[in-house]
Structure formats: C-alpha cells, structure tokens
Amino acid sequence: MSARFLTSQVASLVVRPAPFLRRRISVEGTSRLSFRPMAAAAPASGDGLKKGIAEFYDESSGIWENIWGDHMHHGFYEAESSATLAGHRDAQVRMVEEALRFAGVSDDPLKKPMRIVDVGCGIGGSSRYLAKKYGAQVQGITLSPVQAKRAQDLTMAAELADKVSFQVADALEQPFPDGQFDLVWSMESGEHMPDKEKFVREMARVAAPGGIIIIVTWGHRDLLPSEEELKPDEINFLNKICKAYYLPKLCSAADYVHIAGSLLLQDIKIADWSDNVYPFWPAFIKSALTWNGLTSLLRSGWKAIKGALVVPLMMKGFKKGLIKYTIITCRKPE
Ligand code: SAH
C-alpha cells in the first residue's frame, strides 16, 4: 500500500478493525466497527428520488460533457496540489487506474476481467475505458435515458459497440442473472442509492464467484465510538447538498465495511481519498466561471444550476472533514 492511501481514515481503521480488513469478515466481527444507523435525513426517497436523479442527469450531463468530458467523476490528484482544467482528463483517468490498482485487479491475460458491469454508468466514460483496457464486454446501467442514449452514441463513435452497451435500469434491481461479472464497478453512484445494503447485495449477486466489487463514493465521516449519529448541524448541512444533488441518506465508510462484512464478502479494503479529490472543486468553480461554463449552465436548466450553487458547500464539507470520499473494494467468495 503506498503512502498516499495511509490517510487518517485508513490509519484509524488499521488501528481498530485491521484484522477484519484482511480476512473474511464475520457478522459478529463487524459489530466492533461501531456500525450506526445512517444519520443524515433523506430529502427524498422511492420513485420521487429516482425521477429526480434521472431528470438531474438528463439535464446536466450535456454541460458536464461539454466542459469536463465523458468521465463524470472526480479526478485523483496529489493532495494539496492545484488542478488545472487541462489536466482534468488525466486526473479522471488516474482515478480509474488508482481504483483498479487499489482493488488489485489483474492485467494478466488469464486473470483480467472479461465481463464487467458499470453500475451508474453516466455517459459511459469508465465503461469504454475498461472495455479498451481489458478487451472486456461491458454493460452499463443508468437511471437517465439521456445518458444511456449519449453513452451508446459515444460508444458507436469509438467503434466499441460490439463490446459495450447501455440500458436504463435500477442498480437496486439489476436486469442481470446471478454470477455474471468478473468486475462490478460503481464510480460515484453509490451516494444516490437509497438502500445501501440492497445496493451492495445486488452488486454481490451479479458478481461471478471470485469477482471483484469496486465502489468509489462520497459519504459522511465515520461516527466516533461515543456517537449515535451526526450532530444536528452536520445533518442540516448535508441535507442542503443532498437536496441539490438528489442524494438520499449518505452513509460512512464504516457502514459500507459493515454491509460488505454482513454479506460475507472477502478481502474488504477501504481508503479515504478525500484529500486526493479536493483539488477538483476549485478547478470546477474556475471552469464554471468561464464564458463556456456560464452559458452552458444557464442553458441546461434549474436542476444543474442548483447543483452548481452548492459547490461551495461541498468544498466546506470536505474541509471540515464531514464529507468523505472513499473507495471500498471486496471480492465475492469463490
Ligand atoms: N459512473 C459514472 C457516472 C457518475 S454520475 C462516471 O463516473 O462517469 C452518477 C450516475 O449514477 C448517473 O449515471 C446516475 O444515473 C446513476 N444512478 C444513480 N442512481 C442509480 C440507480 N438507482 N440505478 C442506476 N443508476 C443510478
């Protein structure tokens, strides 16, 4: 593990439940992780939430692609560095590579993933990247019909249509039989899932025996052993962000570890990459303040504008250590 993974959260988890991160986690074992009910109150749930998410991405994906390209996620930067708009694509690709490396996904022709599902695929940036990297068949699912169509068009243009396909489907009820995929990939979609346990269970269901699950997501800080839930002012703060981005209750990294353990998933590892993604936000603001950024934003509609307006809150949340950016990886037993 390289030094940059040893951020505070990993360090604290190494101090406390380290044995559980290295071997198969038992349900009894994970109870020592101080699992708590998820604290931040939900602004929406059920079909209303799904509709909101679909409309949010229907409206905002064009502007995002226009400014940032086809990867709709943070870049991975050196902590404390300053990000340039020109370097954003490299940083986003680096995020994908760091996630694969952290999860130990093999490049070996005999072991590399050949069937991949991209859960919450956006316009397919990761799907196409993974298909090219591994020569794999990739299926992407999103709630947004506009994204699914755009993802398909970009894939045709990249001459990858024989390898990569997209459909509108719910991550909580995936349209796939059990045990299909060597790699189950979720890049910044987990925060939208109203039922985190069902989300991970569904990912585990579609994973092939021995398949790797990668979840890169934002959430809230871990609770202290003395805490039952986040403080009221923290919950209010997060609610503003959740409403703007169509997020239900956020959860913590420890919650994910608990869930993965309770599902008897193996090799559970997490790292806190909050410091590595933070430089994205000042760059995002700079890009939104360009002529291209402002005109695209105004054209794209109210939902996208609301999203842009809470960016200062996101930055504050990261700075306070309340919002965390986490990778969780695990493996389905053989
Ligand atoms: N992973 C992509 C997009 C991230 S944006 C990328 O990195 O480029 C979040 C994505 O999650 C959107 O595509 C949204 O439609 C999807 N999403 C959110 N909730 C979902 C759900 N319940 N089922 C399927 N997709 C979902």
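Residues numbered from 1 in each chain as written. Predicted model: local features only at pLDDT ≥ 70, side-chain atom pairs only at ≥ 80, totals over all residues. Heavy atoms only, no water.

A.B. asks: What is the right way to look at the site of the ligand in this model?
C.D. replies: If you check the shell around the ligand, you find 20 residues, and the closest are Met72, Gly120, Gln147, Ala171 and Met187. Between the ligand and the protein, one listed contact pairs an oxygen atom with a backbone N or O atom of methionine 72 at 2.8 Å. In this structure, an oxygen atom belonging to the ligand sits 2.8 Å away from a side-chain N or O atom of threonine 142. Grouping the amino acids of the shell around the ligand by side-chain chemistry returns 9 nonpolar, 9 polar and 2 charged. (Near = heavy atom within 4 Å. Polar contact = N/O pair within 3.5 Å; in protein donor to acceptor, adjacent residues only side chain to side chain. Nonpolar A, V, L, I, M, F, W, Y, C, P; charged D, E, K, R; others polar.)

A.B. asks: What is the right way to read helix α9 (residues 232–245) from this model?
C.D. replies: Two residues of an α-helix separated by three or four positions point the same way, owing to the 3.6 residues in each turn. Here α9 spans 20 Å end to end across 14 residues, near enough to the 20 Å set by a 1.5 Å rise per residue. Of the positions making up α9, those classed as buried are Glu234, Ile235, Phe237, Leu238, Asn239, Ile241, Cys242, Ala244 and Tyr245. (Helix = DSSP H or I, 4+ residues; strand = E, 2+ residues; numbered from the N terminus. Expected span 1.5 Å × (residues − 1). Buried < 20%, exposed > 50% of the residue type's maximum accessible area, 1.4 Å probe, protein only.)

A.B. asks: I tried to follow the pairing of strand β4 (residues 181–187) on my own but got confused; where do I start?
C.D. replies: In regular strands, side chains alternate between the two faces of the sheet. Along β4, 6 of the 7 residues are buried, which leaves the element largely enclosed by surrounding structure. Here strand β1 (residues 115–119) runs beside β4; their pairing, made up of 3 bridges, is parallel. From the neighbouring strand, valine 117 faces β4, where its bridge partner is valine 184. Here β4 runs beside strand β5 (residues 207–220); their pairing, made up of 6 bridges, is parallel. In the sheet register, valine 184 faces β5, and the bridge partner there is isoleucine 213. For the crossover that starts at β4, traverses helix α8 (residues 196–206) and ends in the parallel β5, the hand is right-handed. (Pairing = 2+ DSSP bridges. Right-handed = clockwise from strand over helix to strand, strands pointing away.)

A.B. asks: Would you explain the packing of helix α4 (residues 46–68) against helix α7 (residues 145–157) in this entry?
C.D. replies: What describes two packed helices is the angle between their axes and the distance between those same axes. Running from amino to carboxyl end, α4 crosses α7 at an angle of 40°, the nearest separation of the two axes being 7 Å. Our classification of the angle between α4 and α7 gives oblique. Along its contact with α4, which presents Tyr57, Asp58, Ser61 and Glu65, the element α7 presents Pro145, Val146, Gln147, Arg150 and Leu154. (Axes fitted to C-alpha atoms, helices over the stretch in contact; angles between N-to-C directions. Parallel < 35°, antiparallel > 145°, perpendicular 65-115°, else oblique. Contact = heavy atoms within 4.5 Å.)

A.B. asks: Explain the pattern of salt bridges to me, please; I cannot follow it from the model alone.
C.D. replies: Oppositely charged side chains can pair when the atoms bearing their charge come close. Scanning the entire structure with this criterion turns up 21 salt bridges. The closest approach of N and O atoms between lysine 133 and glutamate 97, which form a salt bridge, is 3.1 Å. Placement of lysine 133 in helix α6 (residues 125–134) and of glutamate 97 in helix α5 (residues 88–103) is noted, with a sequence separation of 36 residues between them. Judged by its relative accessible area of 30%, lysine 133 falls in the partly exposed class. By relative accessible area, which is 26% here, glutamate 97 ends up partly exposed. The partner of glutamate 197 in a salt bridge is arginine 201, with the nearest N and O atoms 2.8 Å apart. Of this pair, glutamate 197 and arginine 201 both sit in helix α8, separated by 4 residues, roughly a single helical turn. Of the residues examined, glutamate 197 reaches a relative accessible area of 28% and is grouped as partly exposed. Judged by its relative accessible area of 40%, arginine 201 is partly exposed. (Salt bridge = Lys/Arg side-chain N within 4 Å of Asp/Glu carboxyl O.)

A.B. asks: What should I look at first to understand the sheet that holds strand β2 (residues 137–142) in this one?
C.D. replies: Hydrogen bonds between backbone atoms are what pair the strands of a sheet, whose relative direction is either parallel or antiparallel. Overall, mixed pairing links the 7 strands, which are arranged β3-β2-β1-β4-β5-β7-β6 in an open sheet. The open sheet has two edge strands, β3 (164–168) and β6 (266–272), and neither has a second partner. Each strand axis lies, on average, 15° off the axis of its neighbour in the sheet, ignoring direction. Against the sheet, α7 touches β2 and β3, its axis set at about 165° to β3. Sitting on the sheet, helix α15 (residues 311–320) is in contact with β5 and β7 (323–331), with an inclination near 70° to β7.

A.B. asks: Please explain the confidence of the model for the protein as it appears in this structure.
C.D. replies: Regions with low pLDDT should not have their predicted coordinates read in detail. When pLDDT is averaged across the protein, the result is 85; 84% of the residues are at 70 or more. Predicted confidence is poor over residues 1–42, with pLDDT under 50, and the contacts of this stretch with residues over four places away or in other chains come to 87 contacts. (pLDDT = per-residue confidence, 0-100.)

A.B. asks: Quick question: what am I supposed to make of unusual backbone geometry here?
C.D. replies: With a phi angle near 55°, glutamate 159 is a residue other than glycine that sits in the positive phi range. Structurally, glutamate 159 can be placed in the loop between α7 and β3. A residue is classified by how much of its surface remains accessible, and glutamate 159, at 69% relative accessible area, is exposed. Of note, glutamate 188 is a non-glycine position whose phi angle comes to about 55°, a positive value.

A.B. asks: Explain the nonpolar core to me, please; I cannot follow it from the model alone.
C.D. replies: It is characteristic of soluble globular proteins that their nonpolar side chains tend to be buried jointly. Core analysis: the biggest nonpolar cluster contains 69 residues, and Leu100, Trp185, Ile214, Tyr245, Trp273, Trp281 and Tyr325 have the highest contact counts within it. Per-element tally for this core: the top contributor is α4, with 8 residues. Counting 29 residues, the second largest nonpolar core, distinct from the first, contains Ala171, Ile268, Ile270 and Ile328. (Core = buried A, V, L, I, M, F, W, Y, C linked by side-chain atoms within 4.5 Å.)

A.B. asks: In this structure, what is going on with the environment of glycine 321? I would like to understand it.
C.D. replies: Its location among the elements puts glycine 321 in the loop between α15 and β7. Once the C-alpha coordinates of glycine 321 and serine 274 are considered, the two residues, 47 residues apart in sequence, prove to be 8.5 Å apart.

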